[in-house]
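# Understanding the architecture of this molecule
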Protein chains: 4
Amino acid sequence: MKIENGKATGIKIAYIGGGSKGWAWNLMSDLAEESAMSGEVYLYDIDKEPAILNAQIGNSIGDIDGKLANWKYFVSDTLEDALKGANFVVISILPGTFEEMRSDVHTPEKYGIYQSVGDTMGPGGIIRALRTIPMYEVMANGIRENCPNAWVINYTNPMTMCTRALYKVFPEIKAFGCCHEVFSTQKFLAKVLEKKLGIKDIKREDIRCEVMGVNHFTWLKKAYYQDIDIFPIYKEFCEEYAKVGFTEAPDDNWLNRVFQSKQMVKMDLFLRYGYIAAAGDRHLAEACPGKWYLESPECVEKWGFGLTSVDHRYALLEQSLEKRSKYISGEEQFKLKPSGEEGVKQMKAILGLGSFVTNVNMPNRGQITNLPMGAVVETNASFTSNTVAPVTVGDLPPAVFALTIDHVAVQEMVVEAAVTRDLDLAFQAFCKDPQVKRLNLTEARALFDEMIENTKEYLTMYNI
Amino acid sequence: MKIENGKATGIKIAYIGGGSKGWAWNLMSDLAEESAMSGEVYLYDIDKEPAILNAQIGNSIGDIDGKLANWKYFVSDTLEDALKGANFVVISILPGTFEEMRSDVHTPEKYGIYQSVGDTMGPGGIIRALRTIPMYEVMANGIRENCPNAWVINYTNPMTMCTRALYKVFPEIKAFGCCHEVFSTQKFLAKVLEKKLGIKDIKREDIRCEVMGVNHFTWLKKAYYQDIDIFPIYKEFCEEYAKVGFTEAPDDNWLNRVFQSKQMVKMDLFLRYGYIAAAGDRHLAEACPGKWYLESPECVEKWGFGLTSVDHRYALLEQSLEKRSKYISGEEQFKLKPSGEEGVKQMKAILGLGSFVTNVNMPNRGQITNLPMGAVVETNASFTSNTVAPVTVGDLPPAVFALTIDHVAVQEMVVEAAVTRDLDLAFQAFCKDPQVKRLNLTEARALFDEMIENTKEYLTMYNI
Amino acid sequence: MKIENGKATGIKIAYIGGGSKGWAWNLMSDLAEESAMSGEVYLYDIDKEPAILNAQIGNSIGDIDGKLANWKYFVSDTLEDALKGANFVVISILPGTFEEMRSDVHTPEKYGIYQSVGDTMGPGGIIRALRTIPMYEVMANGIRENCPNAWVINYTNPMTMCTRALYKVFPEIKAFGCCHEVFSTQKFLAKVLEKKLGIKDIKREDIRCEVMGVNHFTWLKKAYYQDIDIFPIYKEFCEEYAKVGFTEAPDDNWLNRVFQSKQMVKMDLFLRYGYIAAAGDRHLAEACPGKWYLESPECVEKWGFGLTSVDHRYALLEQSLEKRSKYISGEEQFKLKPSGEEGVKQMKAILGLGSFVTNVNMPNRGQITNLPMGAVVETNASFTSNTVAPVTVGDLPPAVFALTIDHVAVQEMVVEAAVTRDLDLAFQAFCKDPQVKRLNLTEARALFDEMIENTKEYLTMYNI
Amino acid sequence: MKIENGKATGIKIAYIGGGSKGWAWNLMSDLAEESAMSGEVYLYDIDKEPAILNAQIGNSIGDIDGKLANWKYFVSDTLEDALKGANFVVISILPGTFEEMRSDVHTPEKYGIYQSVGDTMGPGGIIRALRTIPMYEVMANGIRENCPNAWVINYTNPMTMCTRALYKVFPEIKAFGCCHEVFSTQKFLAKVLEKKLGIKDIKREDIRCEVMGVNHFTWLKKAYYQDIDIFPIYKEFCEEYAKVGFTEAPDDNWLNRVFQSKQMVKMDLFLRYGYIAAAGDRHLAEACPGKWYLESPECVEKWGFGLTSVDHRYALLEQSLEKRSKYISGEEQFKLKPSGEEGVKQMKAILGLGSFVTNVNMPNRGQITNLPMGAVVETNASFTSNTVAPVTVGDLPPAVFALTIDHVAVQEMVVEAAVTRDLDLAFQAFCKDPQVKRLNLTEARALFDEMIENTKEYLTMYNI
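Residues numbered from 1 in each chain as written. Chains lettered and ligands numbered in written order. Predicted model: local features only at pLDDT ≥ 70, side-chain atom pairs only at ≥ 80, totals over all residues. Heavy atoms only, no water.

Structurally, the position occupied by Gln 428 of chain D is in helix 16 (residues 423–432). Excluding residues within four positions of it along the chain, Gln 428 of chain D makes contact with Arg 272, Tyr 273 and Ala 399 of chain C together with Met 413 of chain D. (Helix = DSSP H or I, 4+ residues; strand = E, 2+ residues; numbered from the N terminus. Contact = heavy atoms within 4.5 Å.)

Pasting the structure below:
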């Protein structure tokens, strides 16, 4: 890899989970649009076929829209091959199959626990972590061996625990986790400003925030547009809309509408706590005590968001597979459009070709004063040459601390449980989760055992 | 006050809540038995009559059992009079009446929340704190004015929040909170050793413990008798008794039997977490998520402990009042016997007449590394001349931390809410309590409002 | 003040020390060049005449070079008048006169202590702090009363202690301290890269650094140009030049040559500690134990830097006064040129018209993990809408910590001594300074007393 | 080992440095006097002969004074043999010979650095640490292998760095360092009370102190006798004696008189800082900046203490060897008398046969809030069954912090340098020592190199 005249050439990116539909295509599109960087992307996936198809799609981009083919796509047979000498490693995997996810999301429903996502916190997030972290151990060790100086971007959930596991196994790793939930909140705040002040076309990056918390339960300590303090405006907005909800135009793809919400959870949290909760309502709801927003399907409906079923995910997958067929057959052309993700911009900054501040998930080294050092937290960070330095935000305010520390404590336990293969510790954490606390001990035990049993194919490293 | 030949004379003790039956009589008895100290006790109570009767009882002790009347008892008309120049201040008050307590304990039952005590954590503890802390502000200011160098011993619940409030108002105060729950656990462990090893008559002080946590949710990191590690023995014991319970001989006073338990909660916590929970099961249950041990009256019964109703407290009070009548009329003689409390021993050590280590509640100044500085925690402390120095215990273990930080976060919020008269912050804390988290937000709000309404006579300083 | 179409109008800047020659003219020039901002600058100075002349110069800028006169300059009779409703407060004062500075710098020479600057650390810096901090108390209180939401930029030395004093008096103040020493180091590193790699015209901002330490004893944990790690290159450079020095082209103004150095101290520190010391050699030398680089005038010469005498400062002042006369008389036109300072850029970012990361001095809220919280430290910070958020840099490395904590400890003591008017504590700090430690206690006392006596006109608030 | 009827039998003590004259004889005497403990002592020494003679002396005690021979003494050929299954490990070694010590103490004198002891801080302490710590690594590993649950008592200097090294190599070790300097201070304070208040025969243990700092630079935050605050009395005493010194009765052994002092350093530090420095003046002087009390031999004399030359140590050794010959030949009987050390009392408490609080050196786990976690510090600790728990003392006061952190920073660097065999880091630490800071860099380098060269026989593990 070298940089000349402000352009970096010969970059090697290893993509773990290279058969991915969403994230991989986003990256391909963003890479194609970025003229200052070029190189090779090595796709690795335990399921090789989709990686081969993705490479084919990626390599076809050179012909699209007259764009120069700056990037070549390869498929790696082994993790080592992908990682060897990589400058960047991108991880976006599906740990297990949708059938394991079905257990994560739906088994707890038998016990009255409804999860809107089921991949971050709650029983689903914890069990998912137990099967994902051992995979992350393999990756962390692979990175240490093959590309210890590479920067690693994680997109997989449970974000916090996956990123934490990388650092636990290889403490010198240069890894961070990325999530677009804060971006969506910025977009929402831009709409709020349009509605209340009539300012149009605010770019989401121009909503300046102090970000604090943990992934999917992130908060804004401050939010500004230029010199405008958004908090009092948002307060008025919430007072108007919190009870009725703010209805967006429905997504063109009807299957995506399940991800839309009326922002009622977000607004309720603001009115109660005075800080802007900065993630989708589906995620925020899961981070709160179970009875608040997820008491029952009716309660969920009342709060204006939806439960994402695994059947629904299958339907979405079906759509993606169809689209992929068309890309491959040439029936449809892969369309370049900004993904809204920042991975490519981050890589560019890390290469020293631009600097900026955005939010990431990294181990606490002082950025949040009242959370434990080392725990993975989400704050802003300054991106520049070979550096991602978290920005301080001080203490979490008392009530936000009280809600957040619950998760930090549980997540720290789950990661420790996973790397030490200690299911007793895992169960201690499981019982303490704000969703599971709705159960008595007998129920909690039964649920845990059932979820472990359901996913045991991916838990063979534990002493079950 | 002066010390000569190892005897301290001229000590002044201010007793706030001087009409108290239990704690005041305990102190009188212990003082009478301690030959190295003498002086005057000033009883102050907003309800003066019982203080007058207690003074009468106290002054009669000189004639009992041929004991020398080392102590004279007076009644103070004002707080200032009691505090002026005091060497020690003892606080044991009933904040409000049993009717406020009825609301604390029983109103939540309408919403399915059963509290075994209701004065520490949970909805009852929080509302009780809201009316008690303003009283503690008055005391802290009075101490600053009248006896800033006095040592202050708090016995009132909610222990943690009362003690915290004293320091919040008067940061230089020399105060600590005392509780006998760890002592009871030491006695239980002595019985365990007798049962398992046949060692008889172990004194509870000889069970050496590293104490950690918060009051009524205190844990032992280690426990030894001489060189014997109690943990493996206790483990065997728990494996034998956890499911069936360990039944003590019933208390002579049948009214006290409600305080007895089968130690099943304590043993269950040990088997699950590996550390000895060191408080009565009634208290431990309240500190855990609501569904674990307090799901319903049947659940409570199954776990072998009892709910203490306020009617029951009335019955106990009736017994005490009868006893007091007899003391006053001379029908019965006040009986000197060691109370099992350590207040007098602590005073003696603080005067430099002996040193020892015991557990107390004090602001964290390093004794527990992973709890916030300043929060009131329970650990051992070294008592000696004018010094009560907490003993370090390091980090709380992960699962104990996860369970404890919940309460620390809530308690810090409640104390802040009380001193700033901020009921919104109080409600934020209320919602976050592990018992209240069983409710949805509508229920939580309704419960909070009702409990505030029920006790509003004592909450006039808030903007209700 | 309002912002429209990306332009802020109606800004009010209060300039304390408004008669300043260097800093005020820099600001005037930079403001004139910044088209996105306009408003009024209120100059306040206890010596009013120079402020009047500066206003005259400032108001004449509108006619220069065809620039639009975006800014109007006024003179305030009182501090209150200047501060009332200000959006920004700039502080650059001379505390006392050059005669006090003569004592600061030259009195210690009698005892063999040579100071190259004498305004930051060492006996000079400490005595200067004692007379400056009471002035800063007045300012902090004035800001609280008149413009509590203003952002405050401090340029006065001792930077760390002045900024700390602002926060000690008014903890909610939004203040930071700015210094260009890191910028000079970036420029030097750009030259190093040119020399070693042949890359020309690197802008100093493009040298990306992780900044850590305290003002005038600041270090770089990392330094990059694009993807080039500067450390190994700098190592080679130092191995070549450390003994002989790197000689710059002499400054056009021969009076400025005393500020030039051969960078030998900086290079020596790098070779010994492995991190880039990032301040001028005159400052670095003062921060080290006295015998290292300031043992004697000969030693100073050997290390390739100069001692700045107060007579020299008088000569420089004379130059400035002449220049001012010419500006006023019209004999010479005030010349607009970028000052190299970032004050205006910072203001713009704070108004939400651009974001960037640069180094500042602010209280530690987690940015440096092993320095005390609250102490003022120098690190990068993210500037954006109404926000200056320090960027984390982790722990200072062991040797840098060892050298730095000395100053932090002394500075914390001096600030406390100044605000409590405690000269005993001040003397404790004085004795502990790395320069003063060369003296025995008798000498240290004599020196302290003499320096206090010399400057007592400005120390009337102390009990001397 | 077992305990019955309050007596522990079958204890195994490993004594590393078993040929020791002072410490080993102290232990033998104290063990003989303690009726509650009995067992076997294994003496190990790289110089076996003195260990054999010591075993002979130890085994002869049974016949003395009609005492029961509770302890049997053995000589171990290997470290492993001594350690295998030990309950306690006592370490008191001479690292190297008196010739290495001659270099430690006297080589710096060429550069004007006078050391009163030369084994703790300063150039002597640092070089001594470099050769001692590798020996401690061997011991720490040996303990891990052979007796991981043993309690380890270290008496060797440099105390702080030796103890730190044990924990660095084997973090789970149960080790603490013991030193009697605080005891001597307690004795001195008892004399002060006798002098000022006429109270006679105060036992040194009855002077109750809050101890804080690092070994040989320990301070008392508070000191009491019963309810008497010693600070104001000591202040009066110091005001009377600080300038003239307090002269003790000369030691019976004229060779010991060099260890006596007039307490002038201690009193000067009190008057300047307001806290009681609690170590011998010889040690305190070394911990302060070099010019304060050790500027020159004349300065030392003026401050009323002495420099301990290595020739003097040879003379003392000669006395001991003579005494040993007489013990062995039977010309003189080994005399039992309390040593004043607490090792045996500590062992007894650890066995659960008594509890007490005394001062020890242990890694900071919260006991001193403003020193780094993990650094070895000296505070009180609570001794009881299998537990030595440091007692919190809060923050070091600002000036004490400023003086102490210097040493902590240097000591942390030296230990790291020793375990990583990094002489560059060692030199960084060396330069930063308060004594060495009197030198310029050329001198410091020359001194370091010369001291390394002088002792290289014991530094073969470094890359010299």
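Attention now moves to the pattern of salt bridges. The final tally for this structure, using the stated rule, is 113 salt bridges over all chains. Of the charged contacts, one joins Glu 99 of chain D and Arg 102 of chain D as a salt bridge, the two residues approaching to 3.1 Å between their closest N and O atoms. Linking Glu 99 of chain D with Arg 102 of chain D, this pair stays in helix 4 (residues 98–106), spanning three residues, or about one helical turn. Each of the salt bridges in this network shares a partner with another, and the network as a whole consists of Asp 406, Lys 432 and Lys 437 of chain A together with Asp 406, Lys 432 and Lys 437 of chain B. (Salt bridge = Lys/Arg side-chain N within 4 Å of Asp/Glu carboxyl O.)

A few words on the relation of the copies chain D and chain B. Rotating chain D by 180 degrees about the axis while translating it 0.0 Å along that axis superimposes it on chain B, leaving an RMSD of 0.0 Å. The operation mapping one copy onto its partner corresponds to a two-fold rotation axis. With an isologous cut-off of 70% or more, the 100% of interface residues of chain D that recur at the interface of chain B puts this contact in the isologous class. (Least-squares fit on C-alpha atoms with pLDDT ≥ 70 in both.)

With that settled, consider the packing of helix 5 (residues 122–146) of chain B against helix 15 (residues 398–419) of chain B. Each pair of packed helices can be summarised by the angle the axes make with each other and by the distance between the axes. Residues and elements named next belong to chain B. Running from N to C, helix 5 and helix 15 point in directions that differ by 50 degrees, and their axes come no closer than 9 Å. The angle between helix 5 and helix 15 falls in the class oblique. When the axes of helix 5 and helix 15 are compared, the crossing they make is right-handed. Contacts between helix 5 and helix 15 involve Ile 126, Ala 129, Leu 130, Ile 133 and Glu 137 on the former and, on the latter, Val 410, Val 414, Val 415, Ala 418 and Val 419. Each residue belonging to the contact of helix 5 with helix 15 can be placed in one class, and the counts come to nine nonpolar, no polar and one charged. (Axes fitted to C-alpha atoms, helices over the stretch in contact; angles between N-to-C directions. Parallel < 35°, antiparallel > 145°, perpendicular 65-115°, else oblique. Left-handed = near helix turned anticlockwise from the far one by under 90°. Nonpolar A, V, L, I, M, F, W, Y, C, P; charged D, E, K, R; others polar.)

We now examine the interface of chain A and chain C. Of the residues lining the interface, 31 residues belong to chain A; the matching set on chain C comes to 31 residues. Each partner contributes to the roughly 2400 Å² buried at the junction of chain A and chain C, and carbon and sulfur atoms together form 50% of this total. Three residues, Gln 226, Arg 365 and Thr 392 of chain A, lead the burial of chain A against chain C; their summed loss comes to 23% of the area buried on that side. The interface formed by chain A and chain C includes two salt bridges. One salt bridge in this structure joins Arg 365 of chain A and Glu 210 of chain C, with 3.4 Å as the shortest N-O distance. There are 20 residue pairs in polar contact (both at pLDDT 80 or more) connecting chain A and chain C. Among the elements of the structure, strand 8 (207–214), strand 9 (217–225), strand 13 (376–384) and strand 14 (387–390) of chain A are those that each provide at least two residues to the side of chain A that touches chain C. When grouped by side-chain class, the residues that make up the side of chain A that touches chain C number twelve nonpolar, 14 polar and five charged. (Buried area = accessible area lost by both parts, 1.4 Å probe. Polar contact = N/O pair within 3.5 Å; in protein donor to acceptor, adjacent residues only side chain to side chain.)

Turning next to the relation of the copies chain A and chain C. With an axial shift of 0.0 Å and an RMSD of 0.0 Å, the rotation relating chain A to chain C amounts to 180 degrees. The overlap is high: 100% of the interface residues of chain A also sit at the interface in chain C, so the same surface is used on both sides.

Looking now at the interface of chain D and chain B. Taken together, the contact pairs 31 residues of chain D with 31 residues of chain B. Buried area between chain D and chain B, summed over both chains or domains, comes out near 2400 Å², and the portion from carbon and sulfur atoms is 50%. Applying the counting rule to chain D against chain B returns 20 residue pairs in polar contact (both at pLDDT 80 or more). For the side of chain D that touches chain B, the secondary structure elements donating two or more residues are strand 8 (207–214), strand 9 (217–225), strand 13 (376–384) and strand 14 (387–390) of chain D. Considering only residue class, the side of chain D that touches chain B consists of twelve nonpolar, 14 polar and five charged.

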